[in-house]
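The residues making up each chain are set out below.
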Amino acid sequence: MATISPFAALRYDESVAGSLDDLIAPPYDVISDDDVYTLWHSSPYNIVHLTRPESPESAAEALQEWREKGVLHQEEPGLWWLVQDFVGPDGVRRSREGIVGSVEATPYSEGKVLPHELTHSGPKAERLAILRATRTQLEPIFLLYDADVPIEPPAGEPDIDVSEMGARNRLWRIDSNGIDLDVPFLIADGHHRYETAVAYREENPSATHTMAVCVSSRSPGLEIYPTHRVVQEVGDNPWGFMTSTWDMSSLSMYRTGNYYRLESDDELDTREILRYEPEGVEYTADAEHAVSQVD
């Protein structure tokens with residue numbers, strides 16, 4: 001059984017830190033170096049000073065200073081209801097709802113949290129160094145669960161309402177002792193952060209949980225868009241593929257000016273990609289950018 005547990009959030013005090021608009025940022029791994037520079041200079045208290053710091057030690061020093069100055073204050077334990085309003089790459093406006101809480105950081109072998117991607121040692125070492133220094137989970141991971149939403153959405157005005165990268169984020173605090181689910185979680189995003197939390201727990205047995213946004217796979221606003229790989233080389237391919245026009249519903253390869261639909265019997269296509277032995281992999285959410293890079 002998987003459980004969504006309450007946690008004691010660290011929350012910005014806008015009367016001290018300034019507007020949330022200048023304090024938030026996308027996840028650490030989707031920010032370009034230019035964006036990091038811009039966010040760094042938007043506020044001395046922007047979260048990138050912790051998530052993309054000059055060093056783990058500077059992140060720890062900044063976090064301690066912010067807490068001492070009252071830039072951040074600690075909430076009583078609870079859960080949070082999150083609604084994200086956004087327009088996807090397909091031009092459709094959606095609202096995605098989820099529960100923000102803490103989940104137990106357990107090895108995949110226990111079956112409570114399931115992966116669908118392989119990870120790289122470099123990002124995990126970097127995240128672990130920051131976690132060791134700050135002793136704080138700075139960003140949530142994104143988990144899916146295959147069950148109906150277990151709570152009623154709260155009423156009234158949100159406690160937090162802020163927009164970033166075209167998405168409006170609203171949060172309501174929920175006083176709760178936790179939510180038990182009869183199904184496991186699937187990591188939609190955050191494999192490196194989750195495995196870092198598991199590794200940190202091995203070093204610090206009391207650090208049992210990590211922060212997560214938990215979304216029901218049955219929610220109408222849930223939509224997962226592909227992340228495209230741009231690779232320098234692929235290995236010899238003994239598995240056939242056929243020419244096709246590319247569409248978002250199939251696993252495809254673009255090379256030498258042509259699209260090829262890959263034959264896959266694996267519902268998690270990222271494992272299928274490994275059969276092609278990709279080397280020099282870079283990632284992008286923009287299909288046109290991926291094609292232009294290949295060209």
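Going by the structure above, here's the rest.
What counts, and at which threshold
- Residues numbered from 1 in each chain as written.
- Predicted model: local features only at pLDDT ≥ 70, side-chain atom pairs only at ≥ 80, totals over all residues.
- Heavy atoms only, no water.
- Helix = DSSP H or I, 4+ residues; strand = E, 2+ residues; numbered from the N terminus.
- Rg over C-alpha atoms; globule rule 2.2 N^0.38 Å.
- Buried < 20%, exposed > 50% of the residue type's maximum accessible area, 1.4 Å probe, protein only.
- Contact = heavy atoms within 4.5 Å.
- Areas by Shrake-Rupley, 256 points an atom, 1.4 Å probe, with all protein chains shown as cover.
- Pairing = 2+ DSSP bridges.
- Axes fitted to C-alpha atoms, helices over the stretch in contact; angles between N-to-C directions.
- Phe/Tyr/Trp six-rings, centres within 6.5 Å; stacked < 30°, edge-to-face > 60°.
- Expected span 1.5 Å × (residues − 1).
- Core = buried A, V, L, I, M, F, W, Y, C linked by side-chain atoms within 4.5 Å.

Trainee: Account for the overall build of the chain, with residues named and values stated.
Mentor: On a plain count of helices and strands, the chain comes out with 8 helices and 17 strands. Here the chain has a C-alpha radius of gyration of 20 Å; the compact-globule value for 295 residues is 19 Å, and the two agree. Seen through its principal axes, the chain has C-alpha atoms that stretch 60 × 40 × 40 Å. Here the chain holds 295 residues, and 40% of them are scored as buried. A fraction of 72% describes how many contacts in the chain between residues 6 or more apart in sequence connect residues 24 or more apart. In the form shown here, the chain has an accessible surface area of approximately 16300 Å², with 48% of it arising from carbon and sulfur atoms.

Trainee: Please provide a residue-by-residue account of the sheet that holds strand 5 (residues 93-104), values included.
Mentor: What the 8 strands build is an open sheet, ordered 6-11-7-12-5-4-9-8; its pairing is mixed. Taken across any chain shown, the strands that pair with only one partner, and hence form the sheet edges, are strand 6 (113-114) and strand 8 (160-164). In terms of strand pairing, strand 4 (residues 79-87) meets strand 9 (residues 167-174) through 7 bridges, oriented antiparallel. Following the sheet pairing, W81 is matched in strand 9 by W172. Packing against the sheet, helix 6 (residues 191-203) makes contact with strand 5, strand 6, strand 7 (141-145), strand 11 (185-189) and strand 12 (209-216), and its axis sits at approximately 125° to strand 11.

Trainee: Please set out the packing of aromatic side chains residue by residue, giving values where relevant.
Mentor: Going through the model one piece at a time under the given rule, you end up with 4 aromatic pairs. Plain terms: the ring middles of Y108 and Y194 are 5.8 Å apart, the flat faces sit at 20° to each other, and that makes the pair stacked. One end of the pair, Y108, is in the loop between strand 5 and strand 6; the other, Y194, is in helix 6, and 86 residues separate them in sequence. Ring pairing ties together the aromatic residues Y12, Y45 and W66, which thus form one cluster.

Trainee: Any details on helix 4 (residues 56-69)? Residues and values, ideally.
Mentor: Relative to the 20 Å expected for 14 residues at 1.5 Å per residue, helix 4 spans 20 Å between its end C-alpha atoms, a close match to the ideal helical length. Taken together, the buried residues of helix 4 touch strand 2 (10-12), helix 3 (48-51), strand 3 (72-74) and helix 5 (121-134).

Trainee: Help me get a handle on the nonpolar core, residues and values and all.
Mentor: One finds Y12, Y45, L50, W66, V71, W80 and V100 to be the most contacted residues of the largest nonpolar core, which totals 33 residues. Breaking this core down by element, the ones donating at least two residues are helix 2 (33-42), helix 3, helix 4, strand 4, strand 7, strand 8 and strand 12.

Trainee: Go over unusual backbone geometry with me, naming the residues and quoting the values.
Mentor: Phi at R135 takes a positive value of approximately 55°, unusual for a residue other than glycine. By the element assignment, R135 lies in the loop between helix 5 and strand 7. The backbone of M165 sits at a positive phi, close to 55°, despite the residue not being glycine. Tracing the backbone shows M165 in the loop between strand 8 and strand 9. M165 sits in the exposed class, given a relative accessible area of 70%.

Limitation: the analysis is restricted to geometry and does not speak to function.
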